[in-house]
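A structural walkthrough
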Amino acid sequence: MIKPGKHLNLNVCVVRIGTIVLAHLQRYRVEGCTKLLKKVKEAAGDDAEVWFLPAVDFLFLLGRIDYHPKTDTFEYLEPKGKAPK
C-alpha cells in the first residue's frame, strides 16, 4: 500500500509523476524518454527528475506503459478488459 508520510511533498511524489506521465502518453501514445522527462519537469518542477524513474518503474509494473530500448521510447498500454474509445 502506498501511504503518504508527514513530510511527503505531494507535488513530486511517485503517484503524481506517474499521473503526469500517463496523461501525456495517453494523449501521444509513444514518446521519447528525454522529451517525456522534459514534460514532467515542466509540469512538476525540477525536483520531479528524482522521482521520474521510480514513477516509470511503478507504471511498468502495473502494466500501463512499455519501454522500447531500441528507440528509447515509452508506449502507453490500454488497461486490460477496457474497450478502446
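Here the structure is shown first, and the text comes after it.
Please read these numbers as outputs of a predicted model, since none were measured by experiment. (Residues numbered from 1 in each chain as written. Predicted model: local features only at pLDDT ≥ 70, side-chain atom pairs only at ≥ 80, totals over all residues. Heavy atoms only, no water.)

Considerations on the pairing of strand β2 (residues 65-68)
Examined bridge by bridge, β2 and strand β3 (residues 73-76) share 4 bridges and lie antiparallel to one another. Counterpart to Ile65 in the pairing with β3 is Tyr76. Hairpin connection from β2 to β3: 4 residues lie between these consecutive antiparallel strands, with Asp72 at a positive phi of about 55°. (Pairing = 2+ DSSP bridges. Helix = DSSP H or I, 4+ residues; strand = E, 2+ residues; numbered from the N terminus.)

As for the pattern of salt bridges
Counted according to the given criterion, the structure contains 3 salt bridges. With a shortest N-O distance of 3.3 Å, Lys41 and Glu49 are connected by a salt bridge. Lys41 gets classed as partly exposed once you look at its relative accessible area, which sits at 27%. The partly exposed category is assigned to Glu49, whose relative accessible area is 41%. (Salt bridge = Lys/Arg side-chain N within 4 Å of Asp/Glu carboxyl O. Buried < 20%, exposed > 50% of the residue type's maximum accessible area, 1.4 Å probe, protein only.)

A few points about the pairing of β3
Note that strand β1 (residues 30-32) and β3 share 3 bridges and pair antiparallel. Residue pairing across strands places Glu31 opposite Phe74, the latter belonging to β3.

Structural notes on the sheet that holds β2
Spatially, the 3 strands line up as an open sheet ordered β1-β3-β2, and their pairing is antiparallel. Whereas interior strands pair on both sides, the edge strands pair on one side only; in this sheet they are β1 and β2. Each adjacent strand pair in this sheet contributes to an overall mean axis angle of 25°, direction not counted. Contacting β1 and β3, helix α2 (residues 33-44) runs over the sheet at an angle of about 90° to β1. Packed onto the sheet, helix α3 (residues 48-61) meets β2 and β3 and runs at close to 115° relative to β2. (Axes fitted to C-alpha atoms, helices over the stretch in contact; angles between N-to-C directions. Contact = heavy atoms within 4.5 Å.)

A few points about the packing of aromatic side chains
Applying the stated criterion across every chain yields a total of 2 aromatic pairs. Between Phe52 and Phe74, the aromatic rings sit 6.4 Å apart at their centres with planes inclined by 85°, giving edge-to-face as the arrangement. With a gap of 22 residues between them, Phe52 in helix α3 and Phe74 in strand β3 connect regions that are remote in the sequence. Pair check on accessibility: Phe52 and Phe74 agree, each one buried. Plain terms: the ring middles of Tyr67 and Phe74 are 5.1 Å apart, the flat faces sit at 45° to each other, and that makes the pair tilted. Here Tyr67 falls in the partly exposed class, since its relative accessible area comes to 34%. (Phe/Tyr/Trp six-rings, centres within 6.5 Å; stacked < 30°, edge-to-face > 60°.)

Keep in mind these values describe shape, not function.
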